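Structural description and commentary
Residue strings, one per chain:
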Amino acid sequence: MFAAALIVFRESLEAALIISIMAAATRGIPARARWIVTGVLAGLAGAAVVASSMELISNLASGMGQELFNAGILTLAVGMLAWHNIWMSVHGREMAAQAMNTARAINEGTREQSVIFIVVALAVLREGSETVLFLYSLATSSADGFRTTVNGGLGGLAAGALVGGLLYAGLLRIPLRWFFSITGVLVLLLAASMASQAARFLIQADLLPSLGAPLWDTSAVLSQTTAVGMLLHGLVGYDPQPAGMQILFYVVVLVIIASAMWWVTPRGPRKTR
Amino acid sequence: MKRLLATALLSFVAATAFAAGDEFTLTIKDHAFEPKEITLPAGKKVKLLVVNKDATPAEFESKPLGREKVIPGKASATINLGPLKPGRYAFVEEYHENEAAAQGTIIVQ
Ligand SMILES: [Cu+2]
């Protein structure tokens with residue numbers, strides 16, 4: 001029962017952090033709540049499909065299908081987060097001015113809505129498919145039995161959602177002046193962390209060299225299994241034993257998105273409205 | 001140019017395929033690893049074939065090695081490793097990671 005709660009908590013925490021940051025970052029975009037809910041539902045449906053076809057996926061690409069599938073999902077999510085952040089750099093000021101008044105919504109908001117949907121759905125799909133397989137494996141095999149596994153799983157899910165909710169509530173307390181800069185940085189770190197995870201799967205598939213594995217080891221100082229380690233892993237991609245290639249991906253994606261955001265940000269003196 | 005690139009890419013794939021070295025087997029039965037300790041050679045690429053004899057899915061995970069892979073029930077999966085430095089690397093079957101039988105060690109020497 002405790003094992004079920006812990007593993008489901010860990011997986012749902014990762015998805016919950018991504019959803020909370022997206023929900024905060026898209027503050028002021030009309031109908032955003034509906035797109036988030038639809039994204040979660042689509043992700044859950046996708047997770048069930050992925051879990052039931054795991055054998056098929058695993059056998060693709062001469063046994064490396066799983067690695068390529070994970071790397072693909074993560075890369076797609078990185079692209080969406082990048083697009084979101086660059087879009088926000090252009091429209092951030094208008095958004096900040098209008099965040100409290102959704103009636104004067106920006107037209108381009110409709111395209112931004114599909115980004116919310118895709119990012120949320122991909123996060124739930126990836127973390128959810130592992131959880132579905134885990135619950136299946138545990139419910140049918142362990143001494144715990146079906147009911148305690150489900151109870152433990154629901155407890156873990158609730159705890160994950162609670163941490164995500166706390167993060168969201170915390171973000172909403174930030175003064176509007178800084179709000180979009182701070183959520184922008186969070187989304188940027190999320191994208192870099194997903195890129196580094198994609199690199200890890202490409203190393204595992206033997207398509208990329210590891211460039212030092214691990215490059216350093218801080219697991220004695222801060223293990224990824226501690227509460228702080230788990231939170232830092234979900235928020236900024238903390239990995240106590242990263243491969244050199246993961247660091248390279250992290251830094252390159254961070255620099256590319258940050259430069260693009262800086263490039264498109266309207267500058268010069270602005271009249272206050 | 002395009003053909004040159006394709007040839008280069010193909011020879012790269014072929015090179016990595018041939019560079020892949022020895023294969024070692026690890027079995028999961030009743031959520032227990034057999035053997036619990038496996039010795040691999042240092043400094044070269046190796047393949048670890050994980051055979052899951054249970055009807056339920058398992059997940060091979062090693063944080064120190066940076067590897068995680070789901071193995072469906074009654075199936076096997078290959079995990080690429082290395083080149084590794086000498087040392088001890090822990091791994092678990094993530095779905096039962098708290099049980100002693102679902103924990104193992106890779107010894108590289
Ligand atoms: Cu995960």
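Looking at an unreviewed UniProt entry, one finds chain B named EfeO-type cupredoxin-like domain-containing protein and attributed to Albidiferax ferrireducens. In its Subcellular location (unreviewed entry) section, UniProt records this for chain B: "Periplasm".

As recorded by an unreviewed UniProt entry, chain A carries the name Iron permease FTR1 and is attributed to Albidiferax ferrireducens. In its Subcellular location (unreviewed entry) section, the UniProt entry covering chain A states "Membrane". Turning to chain A, the UniProt record has this under Sequence similarities (unreviewed entry): "Belongs to the oxidase-dependent Fe transporter (OFeT) (TC 9.A.10.1) family."

1. Quick notes on the sheet that holds strand S8 (residues 87-93) of chain B
Residue and element names in this part refer to chain B. What the 5 strands build is an open sheet, ordered S3-S9-S8-S5-S6; its pairing is mixed. Looking along the sheet, the strands with just one partner apiece sit at the ends: strand S3 (37-40) and strand S6 (67-71). When the angles between neighbouring strand axes are averaged without regard to direction, this sheet yields 20°.

2. Looking at the coordination of the copper ion
For a metal with four donors in a tetrahedral arrangement, the ideal angle between donors is 109.5 degrees, while six donors in an octahedron ideally sit at 90 or 180 degrees. In the first shell of the copper ion, the protein supplies A:Glu11 (OE) and A:Glu127 (OE), at 2.4 to 2.7 Å from the metal. Linking A:Glu11 in helix H1 (residues 2-25) with A:Glu127 in helix H5 (residues 109-141), this pair joins segments that are 116 residues apart in sequence.

3. Description of the interface of chain A and chain B
Often the size quoted for an interface is simply the accessible area lost on bringing the parts together. Every contact between the two is made by 31 residues of chain A and, on the other side, 27 residues of chain B. Taken together, chain A and chain B are joined by 5 salt bridges. Residues A:Asp206 and B:Lys45 are paired through a salt bridge, measuring 2.9 Å at the closest nitrogen-oxygen approach. For the pair chain A and chain B, the number of links is 9 residue pairs in polar contact (both at pLDDT 80 or more). Listed by contribution, the elements that provide at least two residues to the side of chain A that touches chain B are H1, helix H3 (54-63), helix H4 (65-98), H5 and helix H7 (176-204) of chain A. Ranked by the residues each element gives to the side of chain A that touches chain B, the list is headed by H5(A), at 9 residues. Tallied by class, residues from the side of chain A that touches chain B come to 14 nonpolar, 9 polar and 8 charged.

4. Some thoughts on H1(A)
In this model, H1(A) (24 residues) spans 34 Å end to end at C-alpha, consistent with the 34 Å of a helix rising 1.5 Å per residue. Among the 24 residues of H1(A), 21 are classified as buried, and the element is accordingly described as predominantly covered.

5. Observations regarding the environment of B:Phe91
Residues and elements named next belong to chain B. Here Phe91 is to be found in strand S8. Among the residues examined, Phe91 registers a relative accessible area of 1% and is labelled buried. Sequence separation of Phe91 and Asp22 is 69 residues, and the distance between their C-alpha atoms is 20 Å. Ignoring any residue separated from it by four or fewer positions in sequence, one finds Phe91 in contact with Leu26, Phe33, Lys36, Ile38, Phe60, Glu61, Ser62, Ala102, Gln103, Gly104, Thr105 and Ile106.

6. Focus: a nonpolar patch on the surface
Residues and elements named next belong to chain A. A cluster of nonpolar side chains, namely Phe146, Val150, Leu154 and Leu157, defines an oily patch on the protein surface of about 400 Å² accessible area. As for its placement among the helices and strands, Leu154 is situated in helix H6 (residues 145-172). Taking the relative accessible area as the measure of exposure, Leu154 reaches 53% and is therefore exposed.

7. A word on helix H9 (residues 244-264) of chain A
Along its 21 residues, H9(A) runs 31 Å from first to last C-alpha, staying within 8% of the 30 Å computed at 1.5 Å per residue. The set of residues buried in H9(A) consists of A:Gly244, A:Met245, A:Gln246, A:Tyr250, A:Val253, A:Ile257 and A:Met261.

About the cut-offs
The residue count restarts for each chain, going from 1 along the sequence in the order it is written. For this description, chains carry letters from A and ligands carry numbers from 1, given in the order in which they are written. Two thresholds apply to this predicted model, a pLDDT of at least 70 for residue-level local features and 80 or more for giving and counting side-chain atom pairs, whereas whole-chain, interface and lining totals are computed over all residues. Hydrogens are left out, water is left out, and the side-chain values use all remaining heavy atoms of the structure. UniProt positions are given in the numbering used here, feature names are shortened, and annotations may be inferred rather than shown by experiment. For two strands to be treated as a pair, DSSP must find at least two bridges joining them. Numbering of helices and strands starts at the N terminus; helices are DSSP runs of H or I of at least 4 residues and strands are runs of E of at least 2. Axis lines are fitted to C-alpha atoms, over the contacting stretch for helices. Their N-to-C directions set the angle, which ranges from 0 to 180 degrees. Each metal site lists N, O and S donors within 2.8 Å (3.2 Å for Na, K and Ca). With water left out of the atoms, a site can look as if it is missing ligands. By definition, residues are in contact when any of their heavy atoms lie within 4.5 Å. Put simply, a salt bridge is a Lys or Arg side-chain nitrogen that is within 4 Å of an Asp or Glu carboxyl oxygen. A 3.5 Å cut-off defines polar contacts: any pair of N or O atoms within that distance qualifies, except that in protein one atom must be a possible hydrogen donor and the other a possible acceptor, and neighbouring residues in sequence count only when both atoms are side-chain atoms. Residue classes follow a fixed rule: Ala, Val, Leu, Ile, Met, Phe, Trp, Tyr, Cys and Pro count as nonpolar, while Asp, Glu, Lys and Arg count as charged, and any other residue, Gly among them, counts as polar. Expected span, for any helix, means 1.5 Å times one less than how many residues it has. Each residue is assigned to one of three classes by its accessible area relative to the maximum for its type, calculated with a 1.4 Å probe on protein chains only: buried under 20%, partly exposed between the two thresholds, exposed over 50%. Here the term patch refers to residues with relative accessible area over 30% and no salt bridge, with like charges joined within 9 Å and nonpolar side chains (Val, Leu, Ile, Met, Phe, Trp, Tyr) within 5 Å. To be clear on the numbers: accessible area is Shrake-Rupley with a 1.4 Å probe, and residue cover counts the displayed protein chains and nothing else.

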